[in-house]
Amino acid sequence: MSMAYEEYMRQMVKPMRAELTNSGFNELTTEDEVKEFMESAEGTTLVVVNSVCGCAAGLARPAATQAVMQAEHAPANLVTVFAGQDKEATAAMREYFEGHEPSSPSMALLKGKDVVHFIPRHEIEGSAIEHIMDNLLHAFEANK
């Protein structure tokens, strides 16, 4: 890939990254950051696998941020990896999603290192934002 293309993509996704980081999500951009986080993760963690697609913009990111803000028992940790941008970080995080096909966008609720709830793209795309938020809020309550 050309350097111009890579720089264009870095600039294009800045607001997509910021939508989550401005809402308290910690962005993990390298394989080492993912491994370091996961080795020390305690309590519950919401992981958002971010993406440039329309369903990430219109549904996944807003549903995740709004659910966290509305939750009585929000996860202790909020992290995100960006599929297609931070490929090694995303691949490293997906190693913890045993039994779940790679999907972006997607969301995983973890207890420690174990996935206790997973929302793949096909449950995001075409769904109402309220349905996705309810899905997350129920998962947060069930796994507080």
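Scroll up for the structure.
Everything numeric in this text was worked out from a predicted model, so none of it was measured.

Caption draft 1: Local environment of the packing of aromatic side chains. Applying the stated criterion across every chain yields a total of 1 aromatic pair. For the pair Phe 97 and Phe 118, a centre-to-centre distance of 5.5 Å together with 65° between the ring planes defines the contact as edge-to-face. One end of the pair, Phe 97, is in the loop between helix 4 (87-94) and strand 4 (106-111); the other, Phe 118, is in strand 5 (residues 114-119), and 21 residues separate them in sequence. Among the residues examined, Phe 97 registers a relative accessible area of 3% and is labelled buried. Given the relative accessible area of 12%, Phe 118 is considered buried.

Caption draft 2: Representation of the nonpolar core. Counting residues in each nonpolar core, the largest one holds 25 residues, and the members touching the most others are Phe 25, Leu 46, Met 107, Ile 124, Leu 136 and Phe 140. For this core, the secondary-structure elements that each account for two or more residues are strand 2 (44-50), helix 3 (54-70), strand 4 and helix 5 (129-142). The greatest single-element share of this core, amounting to 8 residues, is contributed by helix 3. One finds Leu 28, Val 49, Ala 89 and Leu 110 within the second-largest nonpolar core, a separate group that totals 18 residues.

Caption draft 3: Region of interest: the side chain of Thr 90. Assignment of secondary structure puts Thr 90 in helix 4. Of the residues examined, Thr 90 reaches a relative accessible area of 3% and is grouped as buried. Side-chain polar atoms of Thr 90 contact the backbone oxygen of Phe 82, separated by 3.2 Å. If we ignore the near neighbours within four places in the chain, the residues touching Thr 90 are Val 49, Val 81, Phe 82 and Ala 83.

The rules behind these values
Residues numbered from 1 in each chain as written. Predicted model: local features only at pLDDT ≥ 70, side-chain atom pairs only at ≥ 80, totals over all residues. Heavy atoms only, no water. Phe/Tyr/Trp six-rings, centres within 6.5 Å; stacked < 30°, edge-to-face > 60°. Helix = DSSP H or I, 4+ residues; strand = E, 2+ residues; numbered from the N terminus. Buried < 20%, exposed > 50% of the residue type's maximum accessible area, 1.4 Å probe, protein only. Core = buried A, V, L, I, M, F, W, Y, C linked by side-chain atoms within 4.5 Å. Polar contact = N/O pair within 3.5 Å; in protein donor to acceptor, adjacent residues only side chain to side chain. Contact = heavy atoms within 4.5 Å.

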